[in-house]
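Chain by chain, the residues run as shown.
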Amino acid sequence: MVLEKLFLSDLQKVSGLLDRKICAVGVTNLLTATPDILDGSYTCWNTVLVALVRLFELPEEADGDEDDHFVEIEDAGGYQAVYSRLVFAGKMRHDPFPEVTDPKVAFAKSLHTMLSQYQQFLDVMRGLPADIQQCVRTYYQAAGIAANF
């Protein structure tokens, strides 16, 4: 319930390449490595998978600086407080998953491994909408894996 109402509804609002990568790796682990979801205790597996594919298919946004949203105001005269952003003093964001270069490929590999162990999810995969299945097949091709659903 919390997963569907809070997490999945806001998953599509995540912006920035690094933030999307972090969410994608987390949701991939949730789908493919969480025992409570894999043993059938929860019936939201297909909903989570669709949300992850939709996150992957959102238009990519470059990581921008928060200060890029401010508008410069030019005064005609008088005293003016000047703000000068230091170009090379920006904060570096830490990537907690440097080994994941392409989240779609990592998802395809994890999904393939999970589907080989949990055959019952093949029927769930076959029941997904055609556009979602096609996207997952594309990820499989990028990973060099033959789709078995």
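Higher on the page you've got the structure.
Described in the following lines is the structure provided in the data block.

The rules behind the values
Residue numbers run consecutively from 1 along every chain, following the written order of its sequence. Per-residue local features of the predicted model are confined to residues with pLDDT of at least 70, and side-chain atom pairs are confined, for both listing and counting, to 80 or more; whole-chain, interface and lining totals are unaffected and use all residues. The side-chain values count all of the structure's non-hydrogen atoms but skip hydrogen atoms and water molecules. Put simply, DSSP H or I for four residues or longer makes a helix, DSSP E for two residues or longer makes a strand, and each gets a number counted from the N terminus. Burial classes follow relative accessibility: with a 1.4 Å probe on protein chains only, a residue under 20% of its type's maximum area counts as buried, one over 50% as exposed, and anything between as partly exposed. By definition, residues are in contact when any of their heavy atoms lie within 4.5 Å. The protein chains shown are the only cover counted for residues, whose accessible areas, like all others here, come from Shrake-Rupley with a 1.4 Å probe. Ring geometry is summarised as follows: Phe, Tyr and Trp rings, the Trp one being its six-membered ring, pair when their centres sit within 6.5 Å, and such pairs are stacked at plane angles under 30 degrees, edge-to-face over 60 and tilted between the two.

1. A short note on the overall build of the chain
Here comes step 1: Scanning the chain from N- to C-terminus turns up 7 helices and 0 strands.
Here comes step 2: Along the chain, helices and strands appear, N-terminal first, in the series α-α-α-α-α-α-α.
Here comes step 3: Looking at the chain as a whole, 32% of its 149 residues qualify as buried.
Here comes step 4: For the chain, the share of sequence-separated contacts (at least 6 apart) that also reach a separation of at least 24 residues comes to 71%.
Here comes step 5: Accessible area of the chain: about 10000 Å², with a carbon and sulfur share of 55%.

2. Structural notes on the packing of aromatic side chains
The geometry of an aromatic ring pair is captured by two quantities: the separation of the ring centres and the angle between the planes.
Here comes step 1: Applying the stated criterion across every chain, the model contains 6 aromatic pairs.
Here comes step 2: Centre to centre, the rings of Tyr118 and Phe121 are 6.4 Å apart; their planes meet at 75°, and the pair counts as edge-to-face.
Here comes step 3: Taking the relative accessible area as the measure of exposure, Phe121 reaches 6% and is therefore buried.
Here comes step 4: A ring pair is formed by Tyr140 and Phe149, whose centres lie 5.5 Å apart and whose planes are at 85°; its orientation type is edge-to-face.
Here comes step 5: Assessed through its relative accessible area of 1%, Tyr140 is described here as buried.

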